[in-house]
Amino acid sequence: MALKFDTSFDPLYGKGVSVAPDIQRITARNPSPFTFHGTNSYIVGSNTLAVIDPGPDDEAHLQTLLDVIAGRPVSHIFVSHTHRDHSPLAARLKERTGAPVLAEGPHRPARPLHIGETNALDASADMAFVPDIALSDDEVVDGDGWSIRTVLTPGHTANHAVFALEGTGILFSADHVMAWATSIVAPPDGAMADYMASLDRLIERRDRLLLPGHGGPVTAPRAFMRGLKTHRKMRERAILERVRAGDRTIVDMVKAIYRDTDPRLHGAAGLSVLAHLEDLVARGLVGTDGDPAIAGIFVPAA
């Protein structure tokens, strides 16, 4: 399918929105070019609850979560990954509910930093986060009338996970798959090869509905994810074409490939190009002197 993004979304700040039986969505008021209208938190269950992705450390969002919880017990707090728009509120929600926090693990880069490299993404990472319970791949957590399976999906971050609500065909896809835009894959926190492998894994699952970390649902997941895969492959080809046409720097590639993109996103676009170039260098399709770097010089493979 041709990839078509859906940007029709009403966040209804300050309210819980029923998106499926026993699932409510609460959107934090933290809109930006990277978060769309804000971060989606989800409350699962009817009696004893689970919370997925508490969101940013925001007092109003915490209060809305507590209002929707409405005094019911919370048994688990799941966190998909450690970006500051998803994980920081977990600690305060744990204080208010007593529920343990579950996630793949603390924040870490997808690869070691190269000599002289600094991580431009440090400010977006929740480095203080440590889960009470570390989740392994395919692990199932049983709650009151619900079971949630962890599916590890590194790519956007090294510790990214999505959560499947067993027996429903519903998957909480966090930032790996979103209806409104592609996920940012930015080294050293993310890796394109990991992202593509995780995408293939989700395509194979055959879920019927994805509830993402930003924006509205993905209602035809397999077709949409195949479109995402094609989109990434087309981006890869565009980068290869720019290198073969004589572009040697990421800055020049971004100017050509992302000329119709909001300039505020060009920094993220540069990191996305780097993610593709890391993969292309590893596969022997592009050459560079030393490790692929944001300021590196790239040439066609010999």
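Just above, that's the structure.
Once a new chain begins, its residue numbering starts again from 1 and follows that chain's sequence as written. Under the rules for a predicted model, residues below a pLDDT of 70 receive no local features and side-chain atom pairs below 80 are neither given nor counted, while totals for whole chains, interfaces and linings still include all residues. Side-chain metrics rest on all non-hydrogen atoms present in the structure, leaving aside hydrogens and water.

**Side note on the environment of Thr97**
Item 1. By definition, any uninterrupted DSSP run of H or I lasting at least four residues is a helix, any uninterrupted run of E lasting at least two residues is a strand, and each is numbered from the N terminus. Relative to the elements of secondary structure, Thr97 occurs in helix H2 (residues 89-97).
Item 2. Its relative accessible area of 24% is what places Thr97 among the partly exposed residues.
Item 3. A sequence separation of 182 residues divides Thr97 from Asp279, and the C-alpha atoms of the two residues are 43 Å apart.
Item 4. Whether two residues are in contact is decided by their heavy atoms: any pair within 4.5 Å suffices. Ignoring sequence-local partners within four residues, the contact set of Thr97 consists of Val74 and Ile77.
Item 5. A 3.5 Å cut-off defines polar contacts: any pair of N or O atoms within that distance qualifies, except that in protein one atom must be a possible hydrogen donor and the other a possible acceptor, and neighbouring residues in sequence count only when both atoms are side-chain atoms. A polar atom in the side chain of Thr97 sits 3.2 Å from the backbone nitrogen of Ala99. Exposure classes here rest on a 1.4 Å probe applied to the protein chains alone. A residue is buried below 20% of its type maximum, exposed above 50%, and partly exposed in between.

**Let's talk about the sheet that holds strand S7 (residues 133-134)**
Item 1. Taken in spatial order, the 7 strands line up as S1-S2-S3-S4-S5-S6-S7 in an open sheet, and their pairing is mixed. Edge positions in the open sheet fall to strand S1 (17-20) and S7, since each of these has one partner strand only.
Item 2. Here, axes are lines fitted to C-alpha atoms. For helices the fit covers the stretch in contact, and angles between N-to-C directions go from 0 to 180 degrees. Running at roughly 160° to strand S2 (residues 23-27), helix H1 (residues 59-69) makes contact with S2, strand S3 (40-44), strand S4 (49-52) and strand S5 (74-78) of the sheet.
Item 3. Set on the sheet, H2 makes contact with S4, S5 and strand S6 (101-103); between it and S5 the angle comes to about 175°. Only when DSSP finds a minimum of two bridges between them are two strands counted as paired.

**Re the pattern of salt bridges**
Item 1. Salt bridge, as used here, is a side-chain nitrogen of Lys or Arg placed within 4 Å of a carboxyl oxygen of Asp or Glu. Summed over all chains, the structure comprises 15 salt bridges.
Item 2. With a closest N to O distance of 2.8 Å, Asp207 and Arg205 form a salt bridge.
Item 3. For Arg242, the salt bridge identified is with Asp247, shortest N-O distance 2.8 Å.
Item 4. Three or more residues are tied together by salt bridges with common partners; here these are Asp57, Glu59 and Arg92.

**Here we look at the packing of helix H4 (residues 221-245) against helix H6 (residues 266-282)**
Item 1. At their nearest, the axes of H4 and H6 sit 10 Å apart, and the two run at 80° to each other. On the basis of the axis angle, H4 is roughly perpendicular to H6. Contact with H4, carried on its side by Arg232, Arg235, Glu236, Ile239, Leu240 and Val243, involves Ser272, Val273, His276, Leu277, Asp279 and Leu280 of H6 and no other residues of that element. Note on angle classes: values under 35 degrees are labelled roughly parallel, values over 145 roughly antiparallel, values of 65 to 115 roughly perpendicular, and the remainder oblique.

**Considering helix H3 (residues 192-205)**
Item 1. With 14 residues, H3 extends 20 Å between its outermost C-alpha atoms, agreeing within 8% with the 20 Å of an ideal straight helix rising 1.5 Å per residue.
Item 2. Every buried residue belonging to H3 is among Met192, Tyr195, Met196, Ser198, Leu199, Leu202 and Ile203, and all of these are buried. Along the axis of H3, the buried positions cluster into a sector of 165°, meaning they face one direction only.
Item 3. Buried residues along H3 sit against strand S9 (147-152), strand S10 (161-165), strand S11 (170-174), H4 and H6.
Item 4. Taken from the residues just after H3, Arg206 is the one with a positive phi, measuring 65°. Expected helix span is computed as 1.5 Å times (number of residues minus one). Taken from the helix axis, the directions to the C-beta atoms give the arc we talk about.

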